[in-house]
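Chain by chain, the residues run as shown.
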Amino acid sequence: MAILEVKNIEKHFGSTQVLRDVSFTMEEGSALAIIGSSGSGKTTLLRCLNFLETPNGGTISVKGETLFDAAMQTKTGDKELREKRLHFGMVFQSFNLFPQYTALENVTLAERLLAAEQPDYKVNKKEILARIDEHGKELLAQMGLSERMDHYPHQLSGGQQQRVAIARALALKPDILCFDEPTSALDPELTGEVLKVIRGLADQKTTMIIVTHEMAFARDVADNIIFMDGGVIVEQGPAHEVIDDPKEERTKQFLSRYTQG
Amino acid sequence: MFWTVTQSLLNGLLTTFEIFILTLAFALPLGLILAFGTMSKFKPLSALIQILVWVIRGTPLMLQLIVIFYGPGMWLGHNIWSGDEAGRIMATVVAFSINYACYFSVIFRGGIEGVPAGQSEAGLVLGMTKTQIFFKITLLQMIKRIVPPMSNEIITLVKDTSLARIIAAYELTFAGYSFMKSAGLTWPLFYTGVFYLLFVGILTLLFNYVEKKLDYFR
Ligand SMILES: Nc1ncnc2c1ncn2[C@@H]1O[C@H](COP(=O)(O)OP(=O)(O)OP(=O)(O)O)[C@@H](O)[C@H]1O
Ligand SMILES: [Mg+2]
């Protein structure tokens, strides 16, 4: 069974249609790269998955559970919405770390807040917090940031900040981790360290959706690739096929800009 | 003589301090309400508040004070402010609170809107509630943005309290001035200045301390 099933997603802002009949599925443990020119709707699609935008049509199901169905115009309560969001993690282009917290605090904040709502929290507070801290440290170590745990975001390089953001997104163990151009805001010499971390996650079979302009990276790391243009999926398939042997004219045109570059 | 002057000035300082504290106590929450009002999606409300802010910031505080103190008596035929010192202080606090709430609202709004939307979005995707996001993420960032313009405004308020003299409230400047009128002394004026400098000095130290405290992040 597919871990993620997206069907016929539509999204418009006012009169501009941004996503049109977007459908795809993902298998557990696979990595999906989304490529496409600026304004093609990649970010909007990720934002729909993370419930930062509400699609105007379509359905989103995770592990067979329908999280969103535009046809059922019921108002979802705040609490319900939170639970749905937790199926997805999000790594933003601009990191969006919390500046007043250290790297470790950034990673553990959400987990601490969730734990504080559990009934047994008051009794076992010490152990629970210690365990959360331990988990946060493990994640930062995995990101190669053991030495930087007590640094504030402004004391970290862009690449380090993005790695903290990845650890933060992993902390709540999302089913699917989304990346929105994770290296676009970085100096070229810093993109490598972030791509390496994402590659490591792919090797561990983390289910991921990666919006990226790094074509070589997409081909190497992703199992499948979606090419979007003008809010529609123009072509999707195994990574090597889409990059090396695209079927659609628009995909060829788009890719030629990268190979020539 | 020095002792007499000191006592008078301390008396005046008490009134000055009273106006200062009460104005802050009312203007800070009112300013926050106005800030949320201007950001309201209900356009008529936001427009109404923006007009109010424009009028209040566009006219002299002294004029507003005169209108608030004398206006009700002229329009209603009887004064709503009691004729004693307490009534004058109350009128001053009302005029100042409205005036400063408008200035504060602009600062609050800047502070609230200055926190990038990405901060709340990062909180949302981590499953935080709106309340958690406000208290754990955005509030401190707002405070950090607000402190410098706020300290300027609050220091201006200290000096603006002297405007209460126009409706004969016996505040610090009035106290110092009275010795020139009654005894032809000018040195109490400078002595009065020292009082203000100390008041402002303490506030400046306080705000510097807060800014330092918030200096650990950017
Ligand atoms: N909140 C919004 N209101 C109105 N229009 C929007 C909004 N967000 C996005 N759009 C429009 O939707 C279209 C798709 O935007 P989106 O950010 O999803 O593209 P993208 O593929 O991520 O582009 P990029 O590669 O530049 O990040 C664009 O035309 C954009 O102007
Ligand atoms: Mg984008």
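> Is there a simple way to think about the overall build of chain B in this case?
Helix and strand counts for chain B stand at eight helices and zero strands. Walking chain B from its N terminus toward its C terminus, one meets helices and strands in the order α-α-α-α-α-α-α-α. Taken over the C-alpha atoms alone, chain B extends approximately 70 × 45 × 25 Å along its principal axes. Across the 218 residues that make up chain B, the buried fraction comes to 29%. Within chain B, counting contacts between residues at least 6 apart in sequence, those at least 24 apart form 74% of the total.

> Mind showing me how you'd approach the nonpolar core here?
Where a protein is soluble and globular, its nonpolar side chains tend to be buried together. Counting 74 residues, the largest nonpolar core has A:A33, A:I34, A:A167, A:C178, A:I210 and A:I225 as the members making the most contacts within it. Among the elements that take part in this core, helix α5 (residues 158-171) of chain A stands out by supplying seven residues, more than any other. Counting residues in hydrophobic clusters, the runner-up holds 33 residues, among them B:A27, B:V53, B:C102 and B:F174.

> I would appreciate a short explanation of the interface of chain A and chain B in the present structure.
Accessible area lost during the coming together of the parts is what is often quoted as the interface size. The interface is formed by 21 residues belonging to chain A together with 18 residues belonging to chain B. For the side of chain A that touches chain B, the elements supplying multiple residues, two or more each, are α2 (78-85), β6 (88-91) and α3 (103-115) of chain A. In terms of residues, the side of chain A that touches chain B owes the most to one element, α3(A), which gives four residues. The residue inventory of the side of chain A that touches chain B, partitioned by class, reads twelve nonpolar, six polar and three charged.

> Any chance you could explain the site of ligand 1 here in plain terms?
All names here are of chain A. Neighbouring ligand 1 are F13, T16, V18, G36, S38, G39, S40, G41, K42, T43 and T44. Every element with two or more residues in the shell around ligand 1 is listed here: β2 (16-26) and α1 (42-49). Looking at the shell around ligand 1, the element that brings in the most residues is α1, giving three residues. For the shell around ligand 1, the residue count by class is two nonpolar, eight polar and one charged.

> For this particular structure, what's the right way to read the environment of A:G89?
Tracing the backbone shows A:G89 in strand β6. Here A:G89 falls in the buried class, since 26 other C-beta atoms lie within 10 Å of it. Taking C-alpha positions, A:G89 is 17 Å from A:T66, a pair spaced 23 residues apart along the chain. Leaving out residues up to four positions away in the same chain, A:G89 has contacts with A:A169, A:L170, A:L172, A:P174, A:L177, A:C178 and B:V125.

> What's the story with unusual backbone geometry in this structure? I'm lost.
Excluding glycine, a negative phi dihedral is what most residues carry, and trans is how most peptide bonds are arranged. All names here are of chain A. Within the chain, K63 stands out as a residue other than glycine whose phi angle is a positive 50°. Residue K173 is not a glycine yet carries a positive backbone phi of 50°. Mapped onto the secondary structure, K173 falls in the loop between α5 and β7 (176-180). For K173, a count of 11 C-beta atoms within 10 Å puts it in the exposed group.

> Can you walk me through the pairing of β6(A) in this structure?
Look at any regular strand and the pattern is simple: side chains alternate between the two faces of the sheet. All names here are of chain A. Going residue by residue along β6, you find F88 and M90 tucked away on one face and G89 and V91 tucked away on the opposite face as well. Direction of pairing for β6 relative to β7: parallel, over a ladder of four bridges. Bridge pairing links M90 to C178 in β7.

> Help me out: how do you make sense of α5(A) in this one?
Since one α-helical turn is 3.6 residues long, residues separated by three or four positions face the same way. All names here are of chain A. Over its 14 residues, α5 runs 20 Å from end to end, which matches the ideal 20 Å to within 8%, given 1.5 Å per residue. With 13 of its 14 residues buried, α5 lies for the most part within the structure. Count one or two residues on from α5 and you reach K173, which has phi positive near 50°.

> Help me understand the confidence of the model for chain B in this model?
Keep in mind that low pLDDT regions are not for reading the predicted coordinates in detail. Averaged over every residue, the pLDDT of chain B is 95; residues scoring 70 or more account for 100%. Both confidence scores are given for the complex: pTM 0.90, ipTM 0.94.

> I keep staring at the environment of A:D244 and nothing clicks. Help me out?
Residue and element names in this part refer to chain A. Its location among the elements puts D244 in helix α8 (residues 239-244). Taking the C-beta count within 10 Å as the criterion, D244 has 10 such neighbours and is therefore assigned exposed. Expressed as a C-alpha distance, the spacing of D244 and L255, which sit eleven residues apart in the sequence, is 9.2 Å.

> What is the right way to read the sheet that holds strand β4 (residues 57-62) of chain A from this model?
Hydrogen bonds along the backbone pair up the strands of a sheet, which may run parallel or antiparallel. Residue and element names in this part refer to chain A. With respect to topology, four strands assemble into an open sheet ordered β2-β1-β4-β5, the strand pairing being antiparallel. Among the strands making up the open sheet, the edge pair consists of β2 and β5 (65-69). Strand-to-strand, the axes of this sheet are offset by a mean angle of 20°, without reference to chain direction. Sheet topology note: the strand β1 (residues 4-13)/β2 ladder contains seven bridges and is antiparallel. The residue bridging L4 from the neighbouring strand is M26, located in β2. Set on the sheet, α1 makes contact with β1, β2 and β4; between it and β2 the angle comes to about 65°.

Scoring rules and cut-offs
- Residues numbered from 1 in each chain as written.
- Chains lettered and ligands numbered in written order.
- Predicted model: local features only at pLDDT ≥ 70, side-chain atom pairs only at ≥ 80, totals over all residues.
- Helix = DSSP H or I, 4+ residues; strand = E, 2+ residues; numbered from the N terminus.
- Buried ≥ 20, exposed ≤ 12 C-beta atoms within 10 Å, placed from the backbone.
- Contact = placed C-beta atoms within 7 Å.
- Core = buried A, V, L, I, M, F, W, Y, C linked by C-beta atoms within 7 Å.
- Nonpolar A, V, L, I, M, F, W, Y, C, P; charged D, E, K, R; others polar.
- Near = placed C-beta within 6 Å.
- Pairing = 2+ DSSP bridges.
- Expected span 1.5 Å × (residues − 1).
- pLDDT = per-residue confidence, 0-100.
- Axes fitted to C-alpha atoms, helices over the stretch in contact; angles between N-to-C directions.

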